[in-house]
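An overview of the molecular structure
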Amino acid sequence: MNHEEVIAATREWIEKAVIGLNLCPFAKSVYVKNQVRIVVSSARHIDGFLEDLDRELDHLAEVDPEVTDTTLLIHPTLFPDFLDFNDVHQIADEAVVEHDLEGVIQIASFHPQYQFEGTEPDDITNYTNRAPFPTLHLIREESLDRAVEAFPEAETIYERNMETLRKLGLAGWLALGLHAPKRGTSDDGQA
């Protein structure tokens, strides 16, 4: 699978699930203004992926938010196991601190096999964080603060999303056409 296909599948997930199901009420405004940077890593090992993360943290810290408000860093093949990717997320959080970006940028994660603690793998609520590929979402804290001001009950989003997925059910999710794309090779590219 090449980078353009990875980006297209990610955009479809954003449009149909994240925005379409309103799983993140803050996503639409930055997405429609093309302020979401989508970067596909070609790293062959975790060290290379972490170097890509370093570059993206630096980029997001330096670029005007009107140009890039948030970044999705994706690797379509390196992290097939969710628990391994969860460990990478912890390392990514440490990288935020190393870059002196604590309180400036935070990282959320998405994975095709995402599983919240205390749930079964097939629990539909896990789909709130299931993306076509392992993805780190680099988020500006300032943007979150502005979004929370605009959405005063932000703490209810998590519960609302769980309820949305329960009502939708697996059949409804699959009807969106958000099947995980086949894993394959990729070449360089970003959007």
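Residues numbered from 1 in each chain as written. Predicted model: local features only at pLDDT ≥ 70, side-chain atom pairs only at ≥ 80, totals over all residues. Heavy atoms only, no water.

This part is about the overall build of the protein chain. In terms of helices and strands, the protein chain carries 6 helices and 4 strands. Taken from N to C terminus, the helices and strands of the protein chain fall in the order α-α-β-α-β-α-β-β-α-α. The globule rule puts the C-alpha radius of gyration for 191 residues at 16 Å, and the 16 Å found for the protein chain is close to it. Counting only C-alpha atoms, the protein chain reaches 40 × 40 × 30 Å along its principal axes. The buried share of the protein chain, taken over its 191 residues, is 47%. A fraction of 76% describes how many contacts in the protein chain between residues 6 or more apart in sequence connect residues 24 or more apart. When the 15 positive and 36 negative side-chain charges of the protein chain are each reduced to one mean point, those points stand 9 Å apart. (Helix = DSSP H or I, 4+ residues; strand = E, 2+ residues; numbered from the N terminus. Rg over C-alpha atoms; globule rule 2.2 N^0.38 Å. Buried < 20%, exposed > 50% of the residue type's maximum accessible area, 1.4 Å probe, protein only. Contact = heavy atoms within 4.5 Å. Lys, Arg positive; Asp, Glu negative; His and termini not counted. Charge placed at Lys NZ, Arg CZ, Asp CG, Glu CD.)

This paragraph deals with the layout of surface pockets. Over the atoms rolls a probe the size of a water molecule, and its path tells where empty space is left. Put simply, the largest pocket is a space of about 990 Å³. Along its surface, the largest pocket is lined by 38 residues, and C24, F26, H137, I139 and L144 are the ones closest to its centre. For the lining of the largest pocket, the secondary structure elements donating two or more residues are α1 (3-19), α2 (27-32), β2 (70-74), β3 (105-110), β4 (135-140), α5 (141-150) and α6 (157-175). If you tally residues by element for the lining of the largest pocket, the top one is α5, at 6 residues. (1 Å grid on protein atoms, 1.4 Å probe; cavity = no way out; pocket = protein on both sides within 12 Å on 5 of 7 lines; lining within 4 Å. Points joined across faces, edges and corners; volume = space filled by probe spheres on them.)

The next point concerns the packing of helix α3 (residues 46-62) against helix α4 (residues 82-98). Two elements in contact, α3 and α4, have axes separated by 11 Å at closest approach and are oriented at 40°. It follows from the interaxial angle that α3 and α4 lie oblique. Between α3 and α4 lies a crossing of right-handed hand. Counted together, I46, F49, L50, L53, D54 and L57 of α3 and V88, I91, A92, A95 and V96 of α4 form the full contact between these two elements. Grouping the constituent residues of the contact of α3 with α4 by class yields 10 nonpolar, no polar and 1 charged. (Axes fitted to C-alpha atoms, helices over the stretch in contact; angles between N-to-C directions. Parallel < 35°, antiparallel > 145°, perpendicular 65-115°, else oblique. Left-handed = near helix turned anticlockwise from the far one by under 90°. Nonpolar A, V, L, I, M, F, W, Y, C, P; charged D, E, K, R; others polar.)

It is worth spelling out the nonpolar core at this point. By size, the foremost hydrophobic cluster in this structure holds 26 residues, and its most contacted members are W13, I14, A17, V36, I38, L165 and W173. The element contributing the most residues to this core is α1, with 8 residues. Dropping the residues within four chain positions of it, A17 is found in contact with E12, N22, L23, W173 and L178. Formed by 20 residues, the second largest nonpolar core is a distinct cluster that contains A43, L60, L73 and L136. (Core = buried A, V, L, I, M, F, W, Y, C linked by side-chain atoms within 4.5 Å.)

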